[in-house]
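# Commentary on secondary and tertiary structure
Listed here are the chains, written in short residue letters.
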Amino acid sequence: QVQLVESGGGLVQPGGSLRLSCAASGSIFSINAMGWYRQAPGKERELVALIISGVTTNYADSVKGRFTISRDNAKNTVYLQMNSLKPEDTAVYYCNAGPNYYSDLIPMDYWGKGTLVTVSS
């Protein structure tokens with residue numbers, strides 16, 4: 001079993017930055033893929049960023065050039081650096097992880113509880 005705990009959410013003004021963290025614990029040795037989903041009120045959940053094998057990354061078009069996902073394997077932690085934040089980035093951000101990634105339509109096995117990011121002036 002794997003536990004994921006997010007942190008780093010909060011209130012930020014447009015154009016500002018936040019860094020989200022997701023710490024994994026438990027049977028983490030088999031975790032190969034980690035990512036971030038988000039869901040805003042009235043909107044569908046979307047995969048924001050993904051990192052596989054600690055090196056291969058993928059991003060939603062809406063965040064490319066602004067967000068960066070990274071993983072510290074020694075700490076079993078994945079990060080999401082969010083820059084140039086926009087009001088439309090406001091959402092609950094969820095950490096997601098699993099042994100393998102297959103499709104953004106099929107979430108990986110483990111979820112965090114989520115952390116709220118609010119972008120407002």
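It should be emphasised that the depicted structure is a prediction, and the values quoted were computed from it without experimental measurement.

Parameters at a glance
- Residues numbered from 1 in each chain as written.
- Predicted model: local features only at pLDDT ≥ 70, side-chain atom pairs only at ≥ 80, totals over all residues.
- Heavy atoms only, no water.
- Salt bridge = Lys/Arg side-chain N within 4 Å of Asp/Glu carboxyl O.
- Helix = DSSP H or I, 4+ residues; strand = E, 2+ residues; numbered from the N terminus.
- Buried < 20%, exposed > 50% of the residue type's maximum accessible area, 1.4 Å probe, protein only.
- Phe/Tyr/Trp six-rings, centres within 6.5 Å; stacked < 30°, edge-to-face > 60°.
- Polar contact = N/O pair within 3.5 Å; in protein donor to acceptor, adjacent residues only side chain to side chain.
- Contact = heavy atoms within 4.5 Å.

## Here we look at the pattern of salt bridges
- Tallied over the full model, the rule gives four salt bridges.
- Here E46 makes a salt bridge to R38, at a shortest N to O gap of 2.7 Å.
- The residue R66 makes a salt bridge to D89 at a minimum N-O spacing of 2.7 Å. On the criterion of sequence distance, the pair formed by R66 in the loop between β6 (56–59) and β7 (67–72) and D89 in the loop between β8 (77–82) and β9 (91–98) is long-range, its members being 23 residues apart.
- What makes R66 buried here is its relative accessible area of 10%.
- For D89, a relative accessible area of 0% corresponds to the buried category.
- It is possible to trace a salt-bridge network through shared partners that takes in R38, E46, R66 and D89.

## Some words on the packing of aromatic side chains
- Within the structure shown, the criterion is met by two aromatic pairs.
- Ring geometry for Y37 against W111: centres 5.1 Å apart, planes inclined by 50°, an arrangement best described as tilted. A residue pair is termed long-range when its members are at least 10 positions apart, and Y37 in strand β4 (residues 33–39) and W111 in strand β10 (residues 110–111) qualify at 74 residues.
- Ring plane angle 85° and centroid distance 6.2 Å describe the contact between Y94 and W111, whose orientation is recorded as edge-to-face. With a gap of 17 residues between them, Y94 in strand β9 and W111 in strand β10 connect regions that are remote in the sequence.

## Notes on the environment of D61
- Mapping D61 onto the fold places it in the loop between β6 and β7.
- With 12 residues separating them in the primary sequence, D61 and A49 have C-alpha atoms 9.7 Å apart.
- A polar contact is formed between the side chain of D61 and the side chain of K64, at a distance of 3.1 Å.

## A word on the side chain of R38
- Along the polypeptide, R38 turns up in strand β4.
- A polar atom in the side chain of R38 sits 3.3 Å from the side chain of S62.
- A distance of 2.9 Å separates polar atoms of two side chains, one belonging to R38 and the other to D89.
- The contact partners of R38, leaving out residues within four places of it in the chain, are E44, R45, E46, V48, S62, V63, F67, E88, D89, A91, V92 and Y93.

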